[in-house]
Amino acid sequence: MEYLIKQYPLETGALEIQYIEEFFGEFPRKKTAREIVDRLRDREFLILIAEARLPDDQGMIAPVAFKVVHELKRQEREPKLVELVAKLSDSVTFEDRKVLYSWIGGTRRDWRSQGHFRALTEESEAWAHACGFHEVVVKTKNRFYDMRGTLDQLEFDVIKYEIHPKDNRESKVYLSKRLTSDVVRAHTSTRTVVFAE
Ligand SMILES: CC(C)(COP(=O)(O)OP(=O)(O)OC[C@H]1O[C@@H](n2cnc3c(N)ncnc32)[C@H](O)[C@@H]1OP(=O)(O)O)[C@@H](O)C(=O)NCCC(=O)NCCS
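The structure contained in this document is the topic of the report that follows. Sequence positions are assigned chain by chain, starting from 1 and proceeding in written order. For a predicted model such as this one, the threshold for reporting local features is a pLDDT of at least 70, and the threshold for listing and counting side-chain atom pairs is 80 or more; totals across whole chains, interfaces and linings nevertheless cover every residue.

**Points about the overall build of the protein chain**
Condition: Secondary structure elements are defined from DSSP: runs of H or I of at least 4 residues count as helices, runs of E of at least 2 residues count as strands, and each element is numbered from the N terminus. Radius of gyration here uses only the C-alpha atoms, and the compact-globule reference equals 2.2 Å multiplied by the residue count raised to the power 0.38.
Along the protein chain, the regular secondary structure elements total six helices and eight strands. Listed N to C, the secondary structure of the protein chain is β-α-α-β-β-α-β-α-β-α-β-β-α-β in terms of helices and strands. For 197 residues, the compact-globule formula gives about 16 Å, and the C-alpha radius of gyration of the protein chain, at 16 Å, lands near that figure. Taking the principal axes of its C-alpha atoms as reference, the protein chain extends roughly 50 × 40 × 35 Å.

**What about the site of the ligand?**
Stated precisely, the cut-off is as follows: Nearness rests on one distance test: the residue's C-beta atom, set from the backbone, must lie within 6 Å of the molecule or strand. Just so you know the grouping, Ala, Val, Leu, Ile, Met, Phe, Trp, Tyr, Cys and Pro go in nonpolar, Asp, Glu, Lys and Arg go in charged, and all remaining residues, Gly too, go in polar.
Near the ligand there are 17 residues, and of these Gly106, Thr107, Arg112, Phe117 and Gly149 occur at the shortest range. At the level of secondary structure, the elements contributing two or more residues to the shell around the ligand comprise strand E4 (99–107), helix H4 (116–130) and helix H5 (145–153). Broken down by element, the residue count for the shell around the ligand peaks at five residues, all from H5. Along the lines of polarity and charge, the residues of the shell around the ligand split into four nonpolar, ten polar and three charged.

**Description of helix H2 (residues 33–40)**
Rules: Counts of 20 or more other C-beta atoms within 10 Å of a residue's own C-beta define buried residues, counts of 12 or fewer define exposed ones, and intermediate counts define partly exposed ones; C-beta atoms are placed from the backbone. By construction, the arc corresponds to the directions joining the helix axis to the C-beta atoms. Contact between residues is assigned whenever the C-beta positions, reconstructed from backbone atoms, fall within 7 Å.
Of the positions making up H2, those classed as buried are Ile36, Arg39 and Leu40. Relative to the axis of H2, the buried residues are bounded by an arc of 85° and lie together on one face. Of the exposed residues in H2, the ones pointing more than 90 degrees away from its buried face are Arg34 and Asp38. Structurally, H2 contributes buried residues whose contacts are with helix H1 (10–21), strand E2 (45–54) and strand E3 (57–72).

**A look at the packing of H1 against H2**
As a reminder of what qualifies: Here, axes are lines fitted to C-alpha atoms. For helices the fit covers the stretch in contact, and angles between N-to-C directions go from 0 to 180 degrees. Oblique is the label for any angle not covered by the other classes, which are roughly parallel (under 35 degrees), roughly antiparallel (over 145) and roughly perpendicular (65 to 115). Note on convention: the crossing is left-handed when the near helix lies turned anticlockwise from the far helix by less than a right angle, right-handed when the turn is clockwise.
The contact between H1 and H2 brings their axes to 8 Å, and the two run at 140°. Regarding the angle of H1 to H2, the classification is oblique. The interaxial crossing formed by H1 with H2 has right-handed handedness. Of the residues in H2, those touching H1 at Leu10, Glu11, Ala14, Leu15, Ile17 and Gln18 are Ala33, Ile36, Val37 and Leu40. Partitioned by chemical class, the residues of the contact of H1 with H2 number eight nonpolar, one polar and one charged.

**Here we look at the sheet that holds strand E6 (residues 157–162)**
Put simply, the test is: Should DSSP find at least two bridges between two strands, the strands are taken to pair.
Spatially, eight strands are ordered E6-E7-E5-E4-E3-E2-E1-E8 in an open sheet, and the strand pairing comes out mixed. Edge positions in the open sheet fall to E6 and strand E8 (190–195), since each of these has one partner strand only. Between one strand axis and the next, the sheet turns by 30° as a mean value, whatever way the strands run. Contacts from H5 reach strand E5 (135–141) and strand E7 (172–178), with the element oriented near 155° to E5.

**Let's talk about the environment of isoleucine 159**
With respect to the helices and strands, isoleucine 159 occurs in strand E6. We classify isoleucine 159 as partly exposed; it has 17 C-beta atoms within 10 Å. Expressed as a C-alpha distance, the spacing of isoleucine 159 and proline 9, which sit 150 residues apart in the sequence, is 31 Å.

Okay, structure coming up:
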């Protein structure tokens, strides 16, 4: 299967992400386009959306999966990112290295287990490696079993575990992957990437 991926510029990408997140009923806190623009404006980022044909109307193409990654610097200003960098400081080296944060992503329920998220992840890794990033980090929770299983398959390593005092299902899991040329060579998905306006 050849995956069709669209790479978006900031403003239209943020609107597309806001739109596609409406299809994810399982997440109560969705990102707004404003929030996405504010975070990504002054840094390197990649907004990718996978598209696929609708099963009941092969003429129609719909957005089915997305992924947003961005540079994470040692000196951040946004409070959430300042906190993230502080938490990662004992497990990730920021000095003289480029660190990428895999911020948000997912696949719409009806299109899961068809390889869309692997294709988006591999495309983001190829981009990041070409841009000189050394490592990609991601955060999830114990209770996000689909995401944990997927990150396992995509060969992310656990680097930190932050236990929730009351509910262990809410405990946070931090994972990372070194972006070497071997990683990029090992990619398996066939992708066509087009640039959206
Ligand atoms: C996690 C998620 C993005 C996976 O998307 P997907 O498009 O179904 O993933 P893919 O089909 O590309 O699968 C990628 C790999 O992960 C594996 N995988 C997918 N879902 C899995 C699961 N539930 N358990 C274990 N492995 C899984 C696949 O087998 C595949 O491995 P392979 O390529 O080595 O065969 C999707 O289930 C999702 O959006 N879930 C909700 C998002 C979420 O939990 N967010 C929480 C915030 S972090």
